[in-house]
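# Survey of secondary and tertiary structure
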Amino acid sequence: MLEVKDLVVNYGVINAVKKVSFNINEGEIVSLIGANGAGKTTILKTISGLLKPKSGEIVYLGNQIQRQAAPKVVASGISQVPEGRHIFPGLSVMENLQMGAFLNKDKQQVQENYRTVFERFPVLAERKNQDAATLSGGEQQMLAMGRALMANPKLILLDEPSMGLAPIFINEIFSIIKKINENGTTVLLIEQNAKKALSISDRGYVIASGEVKLSGTGAELLANLDVQKAYLGG
Ligand code: ATP
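Throughout, a residue's number is its position along its own chain's written sequence, starting from 1. Under the rules for a predicted model, residues below a pLDDT of 70 receive no local features and side-chain atom pairs below 80 are neither given nor counted, while totals for whole chains, interfaces and linings still include all residues. To get the side-chain values, take all heavy atoms of the structure and skip hydrogens and water.

The protein chain appears in an unreviewed UniProt entry as Branched-chain amino acid ABC transporter, ATP-binding protein from Pediococcus argentinicus. Listed in UniProt under the heading Sequence similarities (unreviewed entry), the comment for the protein chain reads: "Belongs to the ABC transporter superfamily." UniProt positions are given in the numbering used here, feature names are shortened, and annotations may be inferred rather than shown by experiment.

Below is the structure:
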């Protein structure tokens, strides 16, 4: 479904991503794990069209998208849930969700999407008229995911969905990610919580200093001693 080939991304003179290659098959959950500053967010932003690579290719459903503008990438079926959620404060939960559907001209489908999102996240239905800024961290994460789902993505990019959440919400977020995947959306997941991420992933890639150091199935990486030492707390 998505193939990243020899991707190089720079910020001025800083070489953040150094010839990274990986792929995602339709229906999979794939995780990128690695320390702070490894280049994971940069990779995600380049896929979603927010950054342009210096070189390399991103092939999505047979088309090169590495030079496409972000709205076009969203329209083609890739939605990103950014790190830190970036919900719109001052707007209600409903209005935030509406933002996710701004490219969708099919009103009936948009109404259906609201129903699906409210089914998946009942707490958002309870709070649909509430200012999004007054939601808890976990609820804001759900809103950010719901907003991305409003665009009917084929592939959803999740940047640190468990960051800053209480343990009870962390488990809930991971089980929601699994359900979103079971309903047919392919998932690319970036996580500091490598253990949880790998345990729900079909495959994973370890990113360090802007490079892929290791790859394997979720189970293989969980069992790998180097991965355990570096990313799973021994
Ligand atoms: P984290 O988990 O902390 O978000 P990450 O793996 O997602 O880490 P990136 O955010 O992709 O890492 O950062 C990769 C490298 O690029 C880091 O060295 C970072 O300091 C640098 N970097 C990121 N954004 C910028 C920017 N806007 N300008 C300059 N350097 C940047």
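Before going further, it helps to examine the pattern of salt bridges. By definition here, a salt bridge exists when the distance from a side-chain nitrogen of Lys or Arg to a carboxyl oxygen of Asp or Glu is within 4 Å. According to the stated counting rule, one finds 4 salt bridges in the structure shown. Residue Arg 127 pairs with Glu 139 through a salt bridge whose shortest N-O separation is 3.7 Å. Here Arg 127, found in the loop between helix H5 (122-126) and helix H6 (137-149), pairs with Glu 139, found in helix H6; they are 12 residues apart in sequence, far enough to count as distant. Summary of the burial criterion: residues with accessible area below 20% of their type's maximum are buried, those above 50% are exposed, and those between are partly exposed, where the area comes from a 1.4 Å probe applied to protein chains only. With a relative accessible area of 27%, Arg 127 lands in the partly exposed category. Since its relative accessible area comes to 12%, Glu 139 is described here as buried. Every helix listed is a DSSP run of H or I at least four residues long, and every strand listed is a run of E at least two residues long, numbered separately from the N terminus.

Moving on to the confidence of the model for the protein chain. Chain-level pLDDT for the protein chain is 93 on average; 100% of the residues reach the 70-or-more range. Across the protein chain, element-level confidence peaks in strand S4 (residues 55-60) with a mean pLDDT of 98 and bottoms out in helix H10 (residues 225-231) with 89. Under the prediction, the complex receives an ipTM of 0.92, its pTM being 0.92. Per-residue confidence from the predictor is given as pLDDT, running between 0 and 100.

Before going further, it helps to examine the environment of Val 8. You can see Val 8 is positioned in strand S1 (residues 2-11). Taking the relative accessible area as the measure of exposure, Val 8 reaches 12% and is therefore buried. Expressed as a C-alpha distance, the spacing of Val 8 and Thr 46, which sit 38 residues apart in the sequence, is 9.8 Å.

Moving on, we get to the pairing of strand S2 (residues 14-24). Taken residue by residue, a regular strand's side chains alternate between the two faces of the sheet. By definition, two strands form a pair when at least two bridges between them are found by DSSP. Here S1 pairs with S2 via 7 bridges, running antiparallel. Directly across from Asn 10, in S2, lies its bridge partner Asn 15. Between S1 and the antiparallel strand that follows it, S2, lie 2 residues; Gly 12 among them carries a positive phi value of about 55°.

The next thing to look at is the packing of helix H3 (residues 93-100) against H6. The axes used here are C-alpha line fits, helices contributing only the stretch in contact, and every angle between their N-to-C directions lies in the interval 0 to 180 degrees. Where H3 meets H6, the axes come as close as 7 Å, and the angle between the chain directions of the two elements is 40°. Here H6 runs oblique to H3, going by the angle between their axes. Judged by the twist between their axes, the crossing of H3 over H6 is right-handed. Contacts between H3 and H6 involve Val 93, Asn 96, Leu 97, Met 99 and Gly 100 on the former and, on the latter, Leu 143, Gly 146 and Arg 147. Gly falls in the polar group here, along with every residue not listed as nonpolar (Ala, Val, Leu, Ile, Met, Phe, Trp, Tyr, Cys, Pro) or charged (Asp, Glu, Lys, Arg). Partitioning the contact of H3 with H6 into residue classes produces 4 nonpolar, 3 polar and 1 charged. Each angle gets one of four labels, with under 35 degrees taken as roughly parallel, over 145 as roughly antiparallel, 65 to 115 as roughly perpendicular, and the rest as oblique. Here a crossing is called left-handed whenever its near helix is offset anticlockwise from the far helix by less than a right angle, and right-handed whenever the offset is clockwise. Note on contacts: a residue pair is in contact if any heavy atoms of the two residues lie within 4.5 Å.

Another aspect to go through is the site of the ligand. Every one of the 14 residues lining the ligand counts as a neighbour, but Gly 37, Gly 39, Lys 40, Thr 41 and Thr 42 are closest to it. N or O atoms closer than or at 3.5 Å make up a polar contact, with two conditions inside protein: a donor-capable atom paired with an acceptor-capable one, and, for residues adjacent in sequence, both atoms drawn from side chains. Within the backbone of Gly 37, a nitrogen or oxygen atom sits 2.7 Å from an oxygen atom of the ligand. Between the ligand and Glu 160 there is a distance of 3.4 Å, counted from an oxygen atom to a side-chain nitrogen or oxygen. Only the protein chains shown count as cover for residues, and the accessible areas themselves come from Shrake-Rupley with a 1.4 Å probe. Summarising the interface, the protein chains cover 62% of the accessible area of the ligand, which totals 630 Å² for the free molecule. Of all elements in the fold, only S2 and helix H1 (40-47) reach the threshold of two or more residues within the shell around the ligand. To be near a molecule or strand, a residue needs just one of its heavy atoms within 4 Å of it.

On to the packing of aromatic side chains. Aromatic rings from Phe, Tyr and Trp, with only the six-membered ring used for Trp, were paired whenever their centres fell within 6.5 Å, and each pair was classed as stacked if the ring planes differed by under 30 degrees, edge-to-face if by over 60, and tilted otherwise. Counted according to the given criterion, the structure contains 2 aromatic pairs. Each ring, one from Phe 22 and one from Tyr 205, has its centre 5.5 Å from the other, and the planes form 55°; the classification is tilted. Remark: Tyr 205 occurs in strand S9 (residues 203-208) and Phe 22 occurs in strand S2; sequence separation between them is 183 residues. Aromatic side chains Tyr 114 and Phe 118 sit 6.3 Å apart centroid to centroid with 15° between the ring planes, which places their arrangement in the stacked category. On the criterion of helical spacing, the pair formed by Tyr 114 and Phe 118 is a turn pair, its members being 4 residues apart in helix H4 (residues 107-120). Under the relative-accessibility criterion, Tyr 114 is labelled buried at 8%.

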